[in-house]
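Coordinates in review
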Amino acid sequence: GCDPSRPDLHIGHSVVLNKLKQFQDLGHNIILVIGDFTAMIGDPTGRNKTRPQIDLKETKQNSKTYISQVSKILNIKKTKIVYNSKWLNEINLNKLIKLSSKFTLAQFLERDDFSKRYKSGLPISLHEFMYPLAQAYDSVYLRSDIEIGGTDQKFNLLLARDLQREFNMEPQVVLTMPLIEGTDGVEKMSKSYGNHISLMDKPENMYGKTLSISDDMIPKWFALAADSDESTCMSIKQKLGDKSNNPMDMKRELARKIIELYY
C-alpha cells in the first residue's frame, strides 16, 4: 500500500514494489492498496510530531497519477488496485468502538515512535492511534495472506495479524523490506523530507540527484534503488574498498542503472 499524501511515488517505494513484482511474476494475485483514506490521518511512523491533516479530495487528486507511476514496475493488467476509502469511509462510530476495543492503549504506547514522544512529553493526537487500526482493518477487509511493507511498518503489519485473529481469519504473513535513506544519507527517503527521487523525475534529474548521495550509501543504493543482483553488489563493495577507484565512477554507473529501470 501507499498513501497519496503527495502526488509522486519515489524510488523508496520501488523497494516494496519490486518485491511485489516478483510475487506477480511467480503467479500470485497481488493487490495494491492506495490509502486515500489513511492519508487523511497521516502515518505517524517515525514522526516526532503530528502530521498535518489533508482532506479526501486532496488525497484523491494526488493519487490520480499513481497508476501510471506503478506501471513502470508492475504489470497493471494483472494488478488489482483498490482505494481504502471504499471500506474505511463506511465505518460508523459503533463499528469503530468495536474495533478499538480489541486493543489497549499500552499496546500502542509500546510502539517506538509513540513511546519516544510520550516519554519526551511531546503531544500525540488521539486520531494518530487510528492509523495503525485503519491499516490493520485493510488486511481484514481484503483477507490478506501476505502483506509487504518497510521495516518501519512492522507494528502496523503485526497489528493486522492480531485483528485478523479477532475476525477468525488466518493471520497474514508479514514480509518487511529494508528502508533506503534519501539523498541526504540520513533520513529515510520521503516526500516529506524532500530527499527523494520521484519515479516521474526526468532522467537528467534522476542522474543528478543520484550523484549527490554520500559514498557510503553506494552499495545500499545498488541493492535497493537499482535492484542489482548479489554479484553486482559484492563487486561494488570490493571496488569501494579499493582506494584506487573513484566513487564518482560508481555513482555514474548507479545512476544509469536506476534510469534504465524507468526509461
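Below is a short write-up of the structure. Predicted, not measured: the structure shown is a model, and the values here were computed from it. For every chain, the first residue of the written sequence is number 1, and numbering continues from 1 onward in sequence order. The predicted origin of the model limits local features to residues at a pLDDT of at least 70 and limits the giving and counting of side-chain atom pairs to 80 or more, whereas totals for whole chains, interfaces and linings rest on all residues. Side-chain metrics in this entry use all non-hydrogen atoms of the structure; hydrogen atoms and water are not considered.

A short note on the overall build of the protein
Rules: Each helix corresponds to a stretch of at least 4 residues labelled H or I by DSSP, and each strand to a stretch of at least 2 residues labelled E; elements are numbered beginning at the N terminus. Based on C-alpha atoms, the radius of gyration is set beside the globule rule, defined as 2.2 Å times the residue count to the power 0.38. Each residue gets one of three labels from its accessible area relative to the maximum for its type: buried under 20%, exposed over 50%, partly exposed in between, using a 1.4 Å probe on protein chains only. Throughout, a contact is declared for two residues whenever any of their heavy atoms are within 4.5 Å. Within this scheme the basic residues Lys and Arg register as positive and the acidic residues Asp and Glu register as negative, but His and the chain ends are omitted. Working definition for charges: the position is that of NZ of Lys, CZ of Arg, CG of Asp or CD of Glu.
Counting its secondary structure elements, the protein contains 14 helices and four strands. By the compact-globule yardstick of 18 Å for 263 residues, the protein fits well, its C-alpha radius of gyration being 19 Å. When the backbone C-alpha atoms are referred to their principal axes, the protein occupies close to 65 × 45 × 35 Å. Residues counted as buried form 44% of the 263 residues belonging to the protein. The contacts of the protein with a sequence gap of at least 6 include a subset with a gap of at least 24, amounting to 74%. Mean positive and mean negative side-chain charge positions of the protein (37 and 33 charges, respectively) differ by 3 Å.

Comments concerning the pattern of salt bridges
Note that side chains of opposite charge can pair when their charged atoms are close. Put simply, the rule reads: For this document, the term salt bridge refers to a Lys or Arg side-chain nitrogen within 4 Å of an Asp or Glu carboxyl oxygen.
Across all of its chains, the model carries 11 salt bridges by this definition. Ionic pairing is found between Lys220 and Glu181, a salt bridge with its closest N-O pair at 3.0 Å. Highlighted residues: Lys220 in helix 12 (residues 218–224) and Glu181 in the loop between strand 4 (173–177) and helix 11 (203–211), separated in sequence by 39 residues. Using a relative accessible area of 30% as the deciding quantity, one classes Lys220 as partly exposed.

Looking at the pairing of strand 3 (residues 146–150)
Put simply, the rule is: Paired strands, in this sense, are two strands between which DSSP finds at least two bridges. Looking down the strands as they point away from the viewer, one classifies a crossover as right-handed if the path from the first strand across the helix to the second runs clockwise.
For strand 3, the buried fraction is high: four of the five residues fall into the buried class. Inspection of the sheet shows strand 3 paired to strand 4 by five bridges, in the parallel sense. Directly across from Ile148, in strand 4, lies its bridge partner Leu175. As for the winding sense of the linkage, the β-α-β connection from strand 3 through helix 10 (residues 154–166) to strand 4 is right-handed.

What about the packing of helix 13 (residues 230–241) against helix 14 (residues 247–262)?
Selection criterion: An axis is simply a line fitted to the C-alpha atoms; with a helix, the fit covers only the stretch in contact. Between two such axes, the angle follows the N-to-C directions and lies from 0 to 180 degrees. When an angle is under 35 degrees it counts as roughly parallel; over 145 it counts as roughly antiparallel; between 65 and 115 it counts as roughly perpendicular; any other value is oblique. The crossing is said to be left-handed when, going from far helix to near helix, the turn is anticlockwise and less than a right angle, and right-handed when the turn is clockwise. By the convention adopted, Pro, Cys, Tyr, Trp, Phe, Met, Ile, Leu, Val and Ala count as nonpolar, Lys, Arg, Asp and Glu as charged, and the other residues, Gly among them, as polar.
Close contact between helix 13 and helix 14 brings their axes to 10 Å; oriented N to C, the two are set at 160°. As summarised for this structure, helix 13 and helix 14 are arranged roughly antiparallel, according to the angle between their axes. Regarding helix 13 and helix 14, the two cross each other, and that crossing is left-handed. Residues Thr232, Ile236, Lys239 and Leu240 of helix 13 lie in contact with helix 14, whose contacting residues are Pro247, Met250, Glu253 and Lys257. Considered class by class, the residues forming the contact of helix 13 with helix 14 number four nonpolar, one polar and three charged.

What to know about the environment of Met169
Topologically, Met169 is positioned in the loop between helix 10 and strand 4. Leave out the neighbours within four places in its chain, and Met169 touches Ser139, Val140, Arg143 and Gln164.

Some thoughts on the environment of Thr59
Here Thr59 shows up in helix 3 (residues 56–62). Residues Thr59 and Asp36, spaced 23 residues apart in sequence, show a C-alpha to C-alpha distance of 5.2 Å.

Here's the deal with the pairing of strand 1 (residues 30–34)
Summarising burial for strand 1: four of the five residues are buried, a large majority. When strand 1 meets strand 2 (residues 79–83), the two strands line up parallel, connected through five bridges. Following the sheet pairing, Val33 is matched in strand 2 by Val82.

Quick word on the packing of aromatic side chains
We describe a pair of aromatic rings using the distance from one ring centre to the other and the angle between the two ring planes. Here is the rule: Stacked, tilted and edge-to-face pairs are distinguished by plane angle, under 30 degrees for stacked and over 60 for edge-to-face with tilted covering the rest, among Phe, Tyr and Trp rings (Trp via its six-membered ring) whose centres lie within 6.5 Å. Note on geometry: a ring has a charge over it if NZ (lysine) or CZ (arginine) is within 6 Å of the ring centre and within 35 degrees of the ring normal.
By the definition in use, this model includes six aromatic pairs. Here Phe108 and Phe129 contribute two aromatic rings whose centre-to-centre distance is 5.8 Å and whose plane-to-plane angle is 85°, an arrangement assigned as edge-to-face. Separated by 21 residues along the polypeptide, Phe108 in helix 7 (residues 105–109) and Phe129 in the loop between helix 8 (112–119) and helix 9 (130–142) bring together distant segments of the chain. Residue class for Phe129 comes out buried when judged on its relative accessible area of 10%. Taken together through their ring pairs, the aromatic side chains of Phe103, Phe108, Phe114, Phe129 and Phe155 make up a single cluster. Sitting over the face of the ring of Tyr263, Lys72 holds its NZ or CZ atom 4.6 Å from the ring centroid. Between the NZ or CZ atom of Arg111 and the centre of the ring of Phe114, over which it lies, the distance is 4.9 Å.

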